[in-house]
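Here is how the chains run, residue by residue.
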Amino acid sequence: MDYAIETISLTKVFSDWWGRAKAYAVDDLNLQIRYNEVYGLLGPNGSGKTTTIKMLLGLLHPTKGHALLLGGDGTDPKINRRIGFLPEESYLYRFLNARETLDFYGRLFGLAPNVRKMRIEALLEMVGLRAVASRPVGMYSKGMARRIGLAQALINDPDLLILDEPTTGLDPIGTRQIKDLIIKLAERGKTILLCSHLLADVEDVCDRIAILYGGRIQAEGQVRELLQQSGRRQIVTSDVSDEAVNKIRGILESENAECEITSPMEKLETFFINTVVEAQQQARPTSGAVSTTQIGEFLMAEKSQAGILDKLVSAPVSEDKPAESPATQRIQPSEVPAPEPDRNLLGELTKSTPPAATEQVGPAKPAPSEVAEPQDRKVRQGVLDALTGKTPPATTERPHEGPKDEEAAHG
Amino acid sequence: MGRIWAVAVNTIRQALRMKIALIFIVLLLVLLPVLGLTATGDGTLKGRLQTFVSYGLSLTSLLLSLLTIIVSVYTITSDIEQRQIYTVATKPIRRYQLLLGKLLGVVVLNVALVTLFAGIVYGVVVFLPGFYDASEETLRQIDNEFYTARAGLVPAAPDVEEEVTDLYNRLERTGQLREAYPALPPDRILRELTLRKQLEKRATGVGDGLVWEFQNVRPLDPNQSIFIRFKYDVAVEPPNGLIYGRWQIGDMRQVRYGMDFKTPIWPEDRADPVRTFREIEVPARVIADDGYLAVGFLNVPANSTTVIFPIEDGLEILYKADTFTSNFIRGTLLILFRLIFLACLGLLAASFLSFPVAILFCLVIFFTGTVSGFVLESFEQLSASAWQVYSYTIGALVRLLPQFDKYNPTAFLVPGRLIAWSMLGRVLLLMVGIQAFVLLVLALIVFSFRELARIVI
């Protein structure tokens, strides 16, 4: 079976000047990441996550073992062409502005000028940096640098995306945005290796995870399998009367089962985002938290510039990569419980931004079970497709942008 | 190629926007015009021009050399230390393409800057006389001695090998060798004897004469003048410090074979001070059609001493072989070759050293290169055993480096000497084609195999 990423007893020993082994950063690591999988590499600081990635990409040489990317060597330009990489920090040229940065990386991929231009503009739009695109990257805040770093990793429409701590430095809204992007990319048939120690990020988006410690895999498997507590059940209801609750308690007690009844807590993330969006709608000035307002703009922009994400990623696997279809054993996102409420959240966010409908913020808040997915998808479909040359269904919704993008896509 | 060019453009942007290049550019833009006003030399217009060309080009060359070293080292080490290399090296670009892109960027930057600053120097040099109320005579002198590219021909060293061998054997047989040269090894004694014999051939007693023959004298314009540049040395100091000489310049074969004179023989009687450079101006039509020219000197009886023409610089024929402009362009190319070498050196140093160490390494090589002629010469002065040790160790290393001082354009442009295309070609081949190329190949190998994510401390 082919794997998107495969390592065979990959080992990295850092030795001192005399050649004596000092530390096993990665120790006999065997990773097998399937095509079209979102794979999370978890571990505390110094557990070997980044070292593994560096060996995959040929930035470090393995002491022992092999690393295969898309069936080949990570230093082969043919393989690099299909890879997007976001390092642990956005290491970018401080003297270039955002547009020049993307142009430089686009040239390294040998993208044709018209394609390059189209992708740069779409990416700047997507990461919400269009307004500051002519400012040197060195002046960016950490969150902004992270965004341009992400845009850089997507410039070539990669099949395999390697993200090292993609959400560091981003505020909750930016984090939410990146997680959402990962899910969207996975739906489009991309393979993603996500490296993080922020457990919430990984839990929300990954199909499979591995926990690394001391350079070795300590646990590996599907997120649901690893986290599901066998022998326990959870019931979530709408607001029912105390009477009904007591009845249920009675039934459960007759079964001799322990039970605990509380009101479900809202996730802090959801609460935070809703609060910020509400504040934005009231045009309350923020003191210094520049990135927050910009993310707000980004969200609004996404609403009006419908479907940028769709532009950036190639359309379904079946059309683009028939060869990969047999190998693709993607776990259905619907099987994994975590992503569902998140997609709803994005739906809420996009809905709740002006001029859409202010009143929707209220009802949206306590309704994590309602799936807003179709609308969300419609919003983003167009841009993803346009970027890969497919006619975007959403372009008609934004006549002022449509012709330019289409022209570029066909050129 | 598109990728290499993208890296090159990025390197130029880095040099300009990180203000490294900017500082040097501003410095030169300020200093060059100031030099044009302040460099006075010996006060004459010619002195002014010579001083300005000398200082201007030397300053340009020095500052651009430093700039090249800094930019070429910085562009690699900062990428590695600030880790932009993570995002660049993982793109579909080979490591060698990355390095070649950096080199191309530095070279393009250098070509632009050398052109700019050499252009300024040239402009000042051409327009400077316009600001002075120089006499016709001065202008003519400057035209002959500065705005020119004169080729110099020195007489071939006479073949004295047989005589030296004879002398050596005779001295050895008679046992005088040990007496005259007690501590020297045989090869050094031979060298001494050779020098002695050669000097004998360049000395003439009272009433006697010397004739030198030159082939292939080809002035740019046959209607102009050629110059015999000479310096007298004497056995006994003449009372008034002057040597009287009768010179005859022309195709002497006509005299020897009694042919009809096709070209004139130029006679000149003159008195010149000893140990001072003098020039005789002779119309170029004295040169035979096949480029042959003979120069005869008669030690007239008015002198009462043997006259010696020192081996190093006793006699030389000078003639305008090219224009000042094209000579100046070749001088600029010499600077550019040096910068290309330094760029390759910087890339090599940066491929395995950290920024400060790499800079230091390059500066040491650079300054060794600028004094290599002096260093090599000083070895000759050492005693025999020490000389051998040095010449096979440090000497060998120094000889591997380019000799910047030997190919310094100001050494040619100030006295209006020709920088021949053949010499330029030799320098190009040696400094760029071999020395810089070897450094570049080494840099490519080191850079391709090193672990980019490992920081050199």
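Here the structure is a predicted model, which is why all the values come from computation and not from measurement. (Residues numbered from 1 in each chain as written. Chains lettered and ligands numbered in written order. Predicted model: local features only at pLDDT ≥ 70, side-chain atom pairs only at ≥ 80, totals over all residues.)

### Quick word on the overall build of chain A
Phase 1: When you go through chain A residue by residue, the secondary structure sums to 17 helices and 10 strands.
Phase 2: Counting every position in chain A, which comprises 411 residues, the buried fraction comes to 46%.
Phase 3: Partitioning the contacts of chain A with sequence separation of at least 6, the portion at a separation of at least 24 is 73%. (Helix = DSSP H or I, 4+ residues; strand = E, 2+ residues; numbered from the N terminus. Buried ≥ 20, exposed ≤ 12 C-beta atoms within 10 Å, placed from the backbone. Contact = placed C-beta atoms within 7 Å.)

### Some details on the overall build of chain B
Phase 1: Along the backbone of chain B there are 17 helices and 11 strands.
Phase 2: In terms of overall dimensions, chain B has a C-alpha envelope of 85 × 65 × 40 Å along the principal axes.
Phase 3: Counting over 457 residues, chain B shows a buried share of 34%.
Phase 4: In chain B, 84% of the contacts between residues at least 6 apart in sequence involve partners at least 24 apart.

### Focus on helix 17 (residues 421-449) of chain B
Three or four residues apart is the spacing at which side chains of an α-helix point the same way, because the helix has 3.6 residues per turn.
All names here are of chain B.
Phase 1: For helix 17, with 29 residues, the first-to-last C-alpha span of 39 Å sits near the 42 Å given by 1.5 Å per residue.
Phase 2: In helix 17, a bend of some 35 degrees at F437 exceeds every other bend along the element.
Phase 3: For helix 17, the set of buried residues is V427, M431, Q435, A436, L439, L440, A443, L444 and F447.
Phase 4: If you follow the buried residues of helix 17, they end up packed against helix 5 (95-127) and helix 11 (324-352). (Expected span 1.5 Å × (residues − 1). Bend = angle between axes of the 7 residues up to and from the residue.)

### Describing the sheet that holds strand 6 (residues 242-250) of chain B
Pairing between sheet strands relies on hydrogen bonds along the backbone, with the strands arranged either parallel or antiparallel.
Residues and elements named next belong to chain B.
Phase 1: Strand order in the open sheet formed by 4 strands is 3-9-6-7, with antiparallel pairing between adjacent strands. The sheet is open, and its two edges are formed by strand 3 (209-214) and strand 7 (266-273), each paired on a single side. On average, each strand axis in the sheet is inclined to that of its neighbour by 20 degrees, with strand direction left out of account.
Phase 2: The sheet contact formed by strand 3 and strand 9 (residues 293-299) spans 6 bridges and is antiparallel. Across the sheet, residue F214 finds its bridge partner in strand 9, namely L293. (Pairing = 2+ DSSP bridges. Axes fitted to C-alpha atoms, helices over the stretch in contact; angles between N-to-C directions.)

### As for the interface of chain B and chain A
Phase 1: If you look at the interface, chain B gives 24 residues, while chain A gives 23 residues.
Phase 2: Residue assignment for the side of chain B that touches chain A shows that the elements contributing at least two residues are helix 1 (2-17) and helix 4 (84-89) of chain B.
Phase 3: The element contributing the most residues to the side of chain B that touches chain A is helix 1 of chain B, with 7 residues.
Phase 4: Per-class residue counts for the side of chain B that touches chain A are 9 nonpolar, 7 polar and 8 charged. (Nonpolar A, V, L, I, M, F, W, Y, C, P; charged D, E, K, R; others polar.)

### Digging into the domain arrangement of chain B
Phase 1: Its domain assignment divides chain B into domain 1 (2-148 + 323-449) and domain 2 (202-322).
Phase 2: For domain 1 of chain B and domain 2 of chain B, the distance between their C-alpha centres works out to 39 Å. (Domains from an automatic or database assignment.)

### Brief notes about the sheet that holds strand 10 (residues 307-308) of chain B
All names here are of chain B.
Phase 1: One open sheet accounts for 3 strands, arranged 2-10-5; its pairing is antiparallel. The open sheet has two free edges, formed respectively by strand 2 (203-204) and strand 5 (233-234), since each of these has just one partner strand.
Phase 2: Here strand 2 runs beside strand 10; their pairing, made up of 2 bridges, is antiparallel. The partner of A203 across the bridge, within strand 10, is I308.

### Re unusual backbone geometry
Phase 1: Of note, D157(A) is a non-glycine position whose phi angle comes to about 50 degrees, a positive value.
Phase 2: Within the fold, D157(A) resides in the loop between helix 5 (142-154) and strand 7 (160-164).
Phase 3: Overall, D157(A) belongs to the buried group, with 22 C-beta atoms counted inside 10 Å.
Phase 4: Here R275(B), not a glycine, exhibits a phi torsion of approximately 50 degrees, which is positive.
Phase 5: Assignment of secondary structure puts R275(B) in the loop between strand 7 and strand 8 (278-283).

### Here's the deal with the packing of helix 3 (residues 45-81) of chain B against helix 6 (residues 136-145) of chain B
Residues and elements named next belong to chain B.
Phase 1: The geometry of helix 3 relative to helix 6 is characterised by a closest axis approach of 9 Å and an angle of 35 degrees between their N-to-C directions. From helix 3, L45, K46 and L49 reach across to helix 6, where they touch T138, Q141, I142 and E145.
Phase 2: Along the lines of polarity and charge, the residues of the contact of helix 3 with helix 6 split into 3 nonpolar, 2 polar and 2 charged.

### A word on the nonpolar core
Phase 1: If you look at the biggest cluster of nonpolar residues, it comprises 174 residues, and the most contacted ones within it are L194(A) and C344(B).
Phase 2: For this core, the leading source of residues is helix 11 of chain B, giving 16 residues.
Phase 3: Each of domain 1 (2-148 + 323-449) and domain 2 (202-322) of chain B accounts for three or more of the residues forming this core.
Phase 4: Residues in contact with L194(A), not counting those within four places in the same chain, are V38(A), Y39(A), G40(A), L41(A), L163(A), P166(A), I182(A), V202(A), V205(A) and C206(A). (Core = buried A, V, L, I, M, F, W, Y, C linked by C-beta atoms within 7 Å.)

### Quick look at helix 1 (residues 49-56) of chain A
Phase 1: Counting buried residues along helix 1 of chain A, 8 of its 8 residues qualify, which places the element largely inside the surrounding structure.
Phase 2: Buried residues of helix 1 of chain A: K49(A), T50(A), T51(A), T52(A), I53(A), K54(A), M55(A) and L56(A), and no others.

### Structural notes on the environment of T306(B)
Residues and elements named next belong to chain B.
Phase 1: Inspection of the secondary structure puts T306 in the loop between strand 9 and strand 10.
Phase 2: The spacing of T306 and A235 is 71 residues in sequence and 5.5 Å in space, taken between C-alpha atoms.
Phase 3: Not counting the four nearest positions on each side in its chain, T306 is found in contact with A203, T204, G205 and A235.

### Re the packing of helix 11 of chain B against helix 12 (residues 355-370) of chain B
Residues and elements named next belong to chain B.
Phase 1: Where helix 11 contacts helix 12, the axes come no closer than 9 Å and their chain directions differ by 145 degrees. Like other packed secondary-structure pairs, helix 11 and helix 12 cross with a definite hand, here right-handed. For the pair formed by helix 11 and helix 12, the contact residues are L342, L345, G346, A349 and A350 on the first element and A358, F361, C362, I365 and F366 on the second.
Phase 2: By residue class, the composition of the contact of helix 11 with helix 12 is 9 nonpolar, 1 polar and no charged. (Left-handed = near helix turned anticlockwise from the far one by under 90°.)

### With respect to the confidence of the model for chain A
Residues and elements named next belong to chain A.
Phase 1: Put simply, chain A has an average pLDDT of 73, and 68% of its residues get 70 or more.
Phase 2: In this model residues 287-306 is a low-confidence stretch, pLDDT under 50, and it forms 40 contacts with partners more than four residues away in sequence or in other chains.
Phase 3: Here residues 389-411 is a poorly scored stretch, pLDDT under 50, and it has 39 contacts once near neighbours within four places are set aside; other chains count. (pLDDT = per-residue confidence, 0-100.)

### What about the environment of L268(A)?
All names here are of chain A.
Phase 1: With respect to the helices, strands and loops of the structure, L268 is situated in helix 10 (residues 268-281).
Phase 2: Exposure remark for L268: the 10 C-beta atoms within 10 Å place this residue in the exposed category.
Phase 3: For the pair formed by L268 and P172, sequence separation is 96 residues and the distance between their alpha carbons is 9.6 Å.

### Notes on the confidence of the model for chain B
Residues and elements named next belong to chain B.
Phase 1: Of the residues in chain B, 98% have a pLDDT of 70 or more, and the chain-wide mean is 88.
Phase 2: No element of chain B has a lower mean pLDDT than helix 14 (residues 384-392), at 68, and none a higher one than helix 11, at 95.
Phase 3: Predicted as a complex, the structure gets a pTM of 0.77 and an ipTM equal to 0.78.

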